[in-house]
Amino acid sequence: MGQKFNCMSVLGIDIDEKLIENANDELKNVINLMDPLDVPLSARLAHGVLEEGSVTREALKRNRVVRNVQFQALNWTAEDWERPAQSPFDVVTCLSVSKWIHLNSGDNGLVKAFKRMFDVLNPGGVLFLEPQPWQSYRKIVFDPKQLEHFKAAKLRPPFTETVVKVGFVHIDTLAAPKAQQSKKGNVGFCRDVYVFKKPD
């Protein structure tokens with residue numbers, strides 16, 4: 001995503017520290033596979049890749065996203081939550097995770113997460129929300145806490161009214177693409193993405 005949209009910086013967040021560790025390992029692999037002239041020294045130092053190589057100004061410009069990609073373990077609903085040091089952001093993506101926030105933290109935790117997403121955005125910033133449908137919740141083998149939150153849940157996807165109450169403006173809905181077919185069936189998710197803006 002960072003490379004495709006030429007982002008100045010990207011912060012990937014997940015509650016699972018093991019997934020964050022895997023992401024950082026993959027980032028090191030990407031850096032290792034790149035031409036040394038195309039990788040800023042700061043990226044190599046920051047991510048533990050120490051091969052030497054000079055960096056041209058043009059290479060630095062082309063590959064600033066590699067230098068500025070970071071991954072961090074963070075729980076949007078934690079009581080001791082601290083906003084990321086890199087914030088505020090221009091864009092927050094919440095893709096295929098709202099169900100897990102909802103089941104693990106309940107209605108109140110989900111609202112808290114949306115409020116914090118609002119708080120970390122610049123004025124005019126955008127939230128892309130891809131909520132899982134309610135029927136997908138029923139496919140889960142619940143632990144006791146999740147089952148309690150499931151039974152008590154009053155909020156339902158796609159959470160549009162809830163997100164608007166936090167302060168966002170719903171500006172668009174990107175319709176789900178047709179499913180891509182493979183020999184094994186559908187590939188990827190086919191869900192609408194809801195676009196919200198923090199007022200200027």
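About the thresholds
Residues numbered from 1 in each chain as written. Predicted model: local features only at pLDDT ≥ 70, side-chain atom pairs only at ≥ 80, totals over all residues. Heavy atoms only, no water. Helix = DSSP H or I, 4+ residues; strand = E, 2+ residues; numbered from the N terminus. Buried < 20%, exposed > 50% of the residue type's maximum accessible area, 1.4 Å probe, protein only. Contact = heavy atoms within 4.5 Å. Areas by Shrake-Rupley, 256 points an atom, 1.4 Å probe, with all protein chains shown as cover. Pairing = 2+ DSSP bridges. Axes fitted to C-alpha atoms, helices over the stretch in contact; angles between N-to-C directions. Polar contact = N/O pair within 3.5 Å; in protein donor to acceptor, adjacent residues only side chain to side chain.

(A) Spotlight on the overall build of the protein chain. In terms of helices and strands, the protein chain carries eight helices and eight strands. Looking at the protein chain as a whole, 38% of its 200 residues qualify as buried. Counting contacts in the protein chain only where the partners sit at least 6 residues apart, residues at least 24 apart contribute 71% of the total. Surface exposure of the protein chain reaches about 12500 Å², of which carbon and sulfur atoms provide 53%.

(B) Layout of the environment of threonine 93. As for its placement among the helices and strands, threonine 93 is situated in strand S3 (residues 89-95). C-alpha of threonine 93 to C-alpha of valine 193: the two residues are 100 residues apart in sequence and 9.9 Å apart in space. With residues up to four places along the chain from it excluded, the contact list for threonine 93 reads Met1 and Phe128.

(C) Layout of the sheet that holds strand S4 (residues 121-130). Pairing is mixed across the open sheet formed by four strands, whose spatial order is S3-S4-S8-S5. The open sheet has two edge strands, S3 and strand S5 (169-174), and neither has a second partner. Each strand axis lies, on average, 20° off the axis of its neighbour in the sheet, ignoring direction. As paired elements, S4 and strand S8 (residues 193-197) share four bridges and run antiparallel to each other. Bridging across to S8, leucine 129 finds its partner in tyrosine 194. Across the sheet, helix H5 (residues 98-119) is in contact with S3 and S4; its angle to S4 comes to roughly 155°.

(D) Layout of the side chain of glutamate 130. Structurally, glutamate 130 can be placed in strand S4. On the basis of relative accessible area, glutamate 130 is assigned to the buried category, the value being 10%. Engagement of the side chain of glutamate 130 in a polar contact is seen with the side chain of serine 96, the distance being 2.7 Å. Excluding its chain neighbours within four sequence positions, the residues that come into contact with glutamate 130 are Cys94, Leu95, Ser96, Ser98, Phe189, Arg191, Asp192 and Val193.

(E) View of the side chain of glutamine 146. In this structure, glutamine 146 sits in helix H7 (residues 144-152). When its relative accessible area of 8% is taken as the criterion, glutamine 146 is described as buried. Not counting chain neighbours up to four residues away, the residues in contact with glutamine 146 comprise Trp100, Leu103, Asn104, Ile140 and Val141.

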